[in-house]
Structure formats: structure tokens, C-alpha cells
Amino acid sequence: MFRGIVWIPPETRIPFIRLRMLFFAISGLLVGASILFLVLRGLSYGIDFTGGILIEAKFSAAADIAATRAKVDSLNLGSTEIQGFGGPNDVLIRLPRQEGDEKAQGRAVEKVKDALGSGVEYRRVETVGPKVGAELLRESIVAVILALGGIMVYMWFRFEWKWGAAGIIALLHDVISTIGIFSLTGMEFNLSTVAAVLTIAGYSINDTVVILDRVRENLRKYKSMALPELFDLSINETLSRTINTAGTVFLTVVALYAFGGSVIQDFSFALLWGVVVGTYSSVCVALPMLLYMNINRGAHDPIDKSAAAP
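The notes below deal with the structure included here. (Residues numbered from 1 in each chain as written. Predicted model: local features only at pLDDT ≥ 70, side-chain atom pairs only at ≥ 80, totals over all residues. Heavy atoms only, no water.)

### Some words on the pattern of salt bridges
Inspection of every chain in the model, using the stated rule, returns 6 salt bridges. The partner of E81 in a salt bridge is R94, with the nearest N and O atoms 3.9 Å apart. Of this pair, E81 sits in strand β3 (residues 81–84) while R94 sits in strand β4 (residues 90–96), and the two are 13 residues apart along the sequence. Classification of R94 as partly exposed rests on a relative accessible area of 22%. The salt bridge involving R216 is made with D213; its shortest N-O contact spans 2.8 Å. Of the two residues, R216 and D213 both sit in helix α7 (residues 191–221), 3 residues apart, roughly one turn of that helix. (Salt bridge = Lys/Arg side-chain N within 4 Å of Asp/Glu carboxyl O. Helix = DSSP H or I, 4+ residues; strand = E, 2+ residues; numbered from the N terminus. Buried < 20%, exposed > 50% of the residue type's maximum accessible area, 1.4 Å probe, protein only.)

Spelled out as C-alpha cells, the structure:
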């Protein structure tokens, strides 16, 4: 039988639960530092949230993205985003909102047109005001909150509310630390990053559910085993799956980060961090936290029909 890239022997007993205080200290420092950076430095918001200019251009021949980016960057209009979309001739150009009124935005658009020269058809030119950007930011926050709430409801029905609380604590750990790393590095935080955060939440909770399923199975199987020992057993039994899944996703995202171009580098970086911190939180945060939830072991006992009242 194929066992995957990494195979952990069944007798492996890594004492994850015994090391929980170390894990809690690491997670506390990570989350605390993330919040501190957010308070002191904030985030470097992209055009989606701050407003800006959107130009959709169609070249007469296949577009040279690198040459187009060099021409636009030479205009010193701020942090620009240039990406191909649709056909090979289509290019999307995003500029930050310029200081001044609408005439200042128009002058920036004319500079771009002059830099690109003739042979370019401009299909769309839009200006995103700061009000629209603020609405997008607010809606993104609502989307993240609703996603976390939906995941908690799912965990509640799948297991019970205490298990869901442990899973949500791990998810909050992942989301806060991901946003914190963007504050630390000063990388642009935009709608693509929000999509990455939601992807991280889905990946992390999937990993957590697999381990919790094994815990529930072992609760039925080992009725007298102490919870710390049972949790360690469950983590070690699913460790091969956890490492193989995380490793496969990580290598895929590394390729995306290395060869996907600068347009999706922020998105790829967020996913890289998310895979690492999401795997860590599933093993080292969610399960140790569940130990303090005073779970009801009897709720997971199989129904004994022979003992039921007539």
C-alpha cells in the first residue's frame, strides 16, 4: 500500500501534549507580537482598500508585461500593479490614487497612455475613490468574521461547542498571525490577501477536523485512557497525513511564489505562511486547548441497544 511521501511508524509517541506550555508560550508571543505590530505599524493597504485608478488596455500584439511595468514605474506614480488577464494582448494596470482632485487622476492616466505609446486600445478607465475602498475593507472584514462564524457552527454540529471553540481559537491564531506578518514585512494587504486568509482558515480547519475525528474515534475505543495520552495517540496516528498534506501544499505554493510573478507574490506568501502556521495550530494549539475544555467522554460512547429499556 502506498503510504505517502512521509510515513510515521504506528508506535511513534511524540509527547505533543506534554509540551503544550511551550507551544502556548510560542503562540502567545506570536499573537501578541502580531497585535503589537498592527497597533504600532498598521497595514500597507493596496489600491482595493485605499482607492486608485484602474486601466484595462489591449495591445495590438502580445503584451510584454515586464516592459509595460518598467514604463509605468518610470512615471513615479506610486506603487503600481500590472497583470495580464483574458487574452495574451490584455493588460490590467492599477495605480494608487493621486494627490488632488479628479483632474489629477486624469493627468496620471494621460501619462500612462503617453508612456505606452500608440497601438494600445483602452477599453476601460475607472477611478476608485477612497469611499469605495473603505466599503471594500469593511465588507472584507465582515466576510472574514462570517466565515469564522460559519466554521464554528459547522464544528458545533459536527462535534460539540467545546470542540468548535478549540478549533476557532486555533483559527484566530492563524488569522491574526497572518495579518501580523503582513504588518511586520510591510507587504501590501489587498483583496487577494483577504482571499488568502480565507483559504488559510479553510485549510487549517480541515486539518483540525481530521485530528478531532481521530480523537472522537479513540474516545470510543479507549474508554479508560487518560486524555493527554489519548490526544498524543490521536496526533501521532494522523501525523503522516498531516505532514504529507502540508508538504504537498507547501511545495505547490513555493512554485507559485517563485514562478507566478510579482502580481500574486503577496497572495502566495500569505499561503506559504498559512500552511506552516495552520499545520502548527492544528497540532499544537487546538488539541492542547481542548484538554482544558472539560469535554464529556460519555457523549462519545457507542449506543448499547441491548441495555436499552424495553
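More follows now that the structure is in view.
### So, helix α8 (residues 227–237)
Of all 11 residues that make up α8, 8 are buried, and the element is covered over most of its length. Turning to α8, its buried residues are L227, L230, F231, D232, L233, S234, I235 and N236. Elements in contact with the buried residues of α8: α7, α9 (239–259) and α10 (265–290). (Contact = heavy atoms within 4.5 Å.)

### Some points on the nonpolar core
Grouped together as the largest cluster of nonpolar side chains are 54 residues, with contacts concentrated most on W163, F231, L290 and I295. Broken down by secondary-structure element, the contributors of at least two residues to this core are α5 (130–158), α6 (161–185), α7, α8, α9 and α10. Here this core gets 11 residues from one element, more than from any other, and that element is α7. If we ignore the near neighbours within four places in the chain, the residues touching L290 are K162, W163, A166, L212, F231 and I295. Formed by 16 residues, the second largest nonpolar core is a distinct cluster that contains A63, L77, L95 and A108. (Core = buried A, V, L, I, M, F, W, Y, C linked by side-chain atoms within 4.5 Å.)

### Digging into the pairing of strand β2 (residues 52–59)
Taking burial as the measure, the 8 residues of β2 include 7 buried ones, the bulk of the element. As paired elements, β2 and β4 share 7 bridges and run antiparallel to each other. Counted as the bridge partner of G52 is P96 from β4. Bridge analysis of β2 against strand β5 (residues 120–128) gives 8 bridges, and the strand direction is antiparallel. Each residue of the ladder has a partner; that of F59, found in β5, is V120. (Pairing = 2+ DSSP bridges.)

### Comments concerning the sheet that holds β2
The antiparallel open sheet is built from 4 strands, whose spatial order is β3-β4-β2-β5. The two strands at the open ends of the sheet, each matched to only one other strand, are β3 and β5. Pairs of neighbouring strands in the sheet enclose a mean axial angle of 15°, with direction left out of account. Of the strand pairs in this sheet, β3 and β4 are connected by 4 bridges, and their pairing is antiparallel. Following the sheet pairing, G84 is matched in β4 by V91. Each of β2, β3 and β4 touches helix α3 (residues 65–73); the most contacted strand, β3, lies at about 160° to it. The strands touched by helix α4 (residues 102–116) are β2, β4 and β5; relative to β5, the strand with the most contacts, the crossing angle is about 155°. (Axes fitted to C-alpha atoms, helices over the stretch in contact; angles between N-to-C directions.)

### Points about the packing of aromatic side chains
Per the stated rule, a full pass over the model turns up 4 aromatic pairs. For the pair F24 and Y292, a centre-to-centre distance of 6.2 Å together with 50° between the ring planes defines the contact as tilted. In this pair, F24 is assigned in helix α1 (residues 20–40) and Y292 in the segment after α10, connecting sequence segments 268 residues apart. With relative accessibility at 22%, the residue F24 sits in the partly exposed group. When the ring of F182 is compared with that of F269, the centres are 6.1 Å apart and the planes differ by 70°; the resulting orientation is edge-to-face. Of this pair, F182 sits in helix α6 while F269 sits in helix α10, and the two are 87 residues apart along the sequence. The buried category is assigned to F182, whose relative accessible area is 1%. (Phe/Tyr/Trp six-rings, centres within 6.5 Å; stacked < 30°, edge-to-face > 60°.)

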